[in-house]
Amino acid sequence: MAVFALAVLLLVSTDSWTHCLYDHHDSATFFASGKAWMSGMVPYVDFSDSKGPLLWLIYGVGYLLSPRTVHGVFWITCLNYAFIFWWLFKTARIYLADNYLAVCASMLTSLAIFYPWVRYETRAEDFALFFLVWGLYHVCRLLHDDRVDTRRQTLYASVVLGVGMAATLLIKYNVSAILGVMALFVLHYAWRQGTGLWRALGAMACSSAVFLLPFVIYMLSVGCLDDFIHEYFMVNIDVVARQHARMRHPIYMLWGHRYTMGFYLLACGISALAAAWLAPRYRGFVLVAFLTTILLTVSNAFWLYYYAICAPFVLFGVVAVLCHLDASRVRTVSGCVVYGALFITLVFAMHSVHGAAWSWNDTPEQQAFDRYVRLMSQVERPRIIYYNTCTSGYGTEVESLPGCKYWTSQSGSTPEMDDNQLQAIIGRKADFVFSLKAYDNPALFDSLNYHRYGNDSELPTLLYSRDSLTIQ
């Protein structure tokens, strides 16, 4: 599973050596946030965004591993997906009598996980997926496997779900609700089988508390716990509400991709139904978990990558098909052909949709990106603001830091966020400011003696510097 994850991610992941930094957006935000934290800035006070501290910690470790590239994050992602594919294998093994078929099921599920319309660059969903499949395995083992010690497995499932709910709460908390529904099934099973309802509930609560405690202690010690609660929960709710007001309802996004997304969601839904045929009891568990995932996603999925969290449910459809195959026949040369076809399909489907910025390409966009980076490299660890635009990978090679608290724009930004950026620009706190050409305000920057670059570049953004610099 580790070798498979490494092989696929080497060509699919934008964090690998095969891709350049130009092709980073959300992941560049997470990387910059993790870097800011590792550089001594206080989260939710000195810098803020819509994601949780565990995601920033992951990217912060990636920054420490490789400060001027995203290759550290790549290795963390490889480890993450090695375990994801391992838990998918273990889940498939509950229903399949052969290890080889279970390996096939795990690998084939990667077609859904890396489905190009829901995944490209590494995002919060990639790391939340680990906790989802980990919990899914332990609950399926408890509810569907007659070979386990039910009392012990109830405890295992409870602890795993407790950790998972806490971890996803600190990454992207809507996934916590999915794990919460799984937890209800475990509690019902414990009550019905007499294996200790209160023991299971206590295990969930204690494991969640143990996982959350270091974060709480840290935030109390630096005085940002109140800021975390306000920013991560209250402000995020306001931002989502503003997205609803400014953008068309997420269902329009889904309808605009009705064929590609229809195929994906249909595959996930049919697979969830197939789980009822595989299960000896609690036949509706997987379907209920899938429907919960859809209901929590569709109302706020302004971008299609929100649906990436649905991908693991395809495993059950693959298992249902493999149940009818003879493992000895699959072990032939045809198996190698299948793996080769799978690998090629993943890579080319991904990049035919997104038009990857390969590291060996020399496009006008890449050349303009490199000019911006060379310009910024003249300032040591510059402060950057992305004014009316989202983050890109410009600051990675120069180890840039956020120029203000709300240093990157969000689609549902509040007046406070916009004003925070504007005041930092007026106060000349940032060494560099990026601005979308479509929303450029040259009069503002001219009045503040900022220097403008990139008028004739192929990029959609302009670069303003506080000091006059020469493009090398």
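Residues numbered from 1 in each chain as written. Predicted model: local features only at pLDDT ≥ 70, side-chain atom pairs only at ≥ 80, totals over all residues. Heavy atoms only, no water.

J.: Sorry if this is basic, but what is going on with the sheet that holds strand S1 (residues 383-387) here?
T.: Paired through their backbone hydrogen bonds, the strands of a sheet run either parallel or antiparallel. Taken together, 5 strands build an open sheet; the order of strands is S2-S1-S3-S5-S4 and the sheet is mixed. Every interior strand has two partners, whereas the edge strands, strand S2 (401-402) and strand S4 (451-453), have only one. Here strand S3 (residues 432-436) pairs with strand S5 (residues 461-465) via 5 bridges, running antiparallel. Among the inter-strand pairings, Phe-432 is bridged to a residue of S5, identified as Ser-465. Sheet strands in contact with helix H17 (residues 364-376) are S1, S3, S4 and S5, and its direction is about 10° off that of S5. (Pairing = 2+ DSSP bridges. Helix = DSSP H or I, 4+ residues; strand = E, 2+ residues; numbered from the N terminus. Contact = heavy atoms within 4.5 Å. Axes fitted to C-alpha atoms, helices over the stretch in contact; angles between N-to-C directions.)

J.: I'm lost on the nonpolar core in this one. Help?
T.: Generally speaking, nonpolar side chains in soluble globular proteins are found buried as a group. Judged by nonpolar contacts, the single largest core of 151 residues is most densely connected at Met-182, Tyr-264 and Phe-285. Broken down by element, the residue count for this core peaks at 15 residues, all from helix H6 (residues 124-144). If near-sequence neighbours (up to four positions away) are discounted, Phe-285 is found in contact with Leu-136, Val-139, Cys-140, Leu-143, His-144, Met-182 and Phe-185. (Core = buried A, V, L, I, M, F, W, Y, C linked by side-chain atoms within 4.5 Å. Buried < 20%, exposed > 50% of the residue type's maximum accessible area, 1.4 Å probe, protein only.)

J.: Can you help me understand the packing of aromatic side chains in this one?
T.: Aromatic rings considered in pairs are described by the distance between their centres and by the relative angle of their planes. Tallied over the entire structure, the rule returns 46 aromatic pairs. Measuring from centroid to centroid gives 5.4 Å for Trp-86 and Phe-89, while their planes differ by 40°, and the two rings are tilted. Here Phe-89 and Trp-86 lie together in helix H4 (residues 71-95), a separation of 3 residues that amounts to about one turn. Judged by relative accessible area, Trp-86 falls into the partly exposed class, the value being 36%. Summarising the aromatic geometry, the rings of Phe-130 and Phe-131 are spaced 4.9 Å apart at their centres and angled 85° between planes, so their arrangement reads as edge-to-face. This pair shows no difference in class: Phe-130 is buried, exactly as Phe-131 is. Ring-pair connections join several aromatic residues into one group, and the members of that group are Tyr-22, Phe-369, Tyr-372, Tyr-386, Tyr-394, Trp-407 and Phe-434. Seen from the ring of Tyr-305, Arg-123 lies directly overhead, with NZ or CZ sitting 4.0 Å from the centre. Positioned over the ring face of Tyr-306 is Lys-172, at 3.7 Å from the centre of the ring. (Phe/Tyr/Trp six-rings, centres within 6.5 Å; stacked < 30°, edge-to-face > 60°. Lys NZ or Arg CZ within 6 Å of the ring centre and 35° of its normal.)

J.: I keep staring at the packing of helix H1 (residues 2-12) against H4 and nothing clicks. Help me out?
T.: A pair of packed helices is captured by two measures, namely the crossing angle of their axes and the spacing between those axes. Remark: H1 packs on H4, axes separated minimally by 8 Å, with the N-to-C direction vectors making an angle of 130°. With respect to their mutual orientation, H1 and H4 come out oblique. Considering how the two elements wind past one another, H1 and H4 form a crossing that is right-handed. Across the interface between the two elements, Ala-2, Phe-4, Ala-5, Leu-6, Leu-9 and Leu-10 of H1 pack against Phe-74, Trp-75, Thr-77, Cys-78, Tyr-81, Ala-82 and Phe-85 of H4. (Parallel < 35°, antiparallel > 145°, perpendicular 65-115°, else oblique. Left-handed = near helix turned anticlockwise from the far one by under 90°.)

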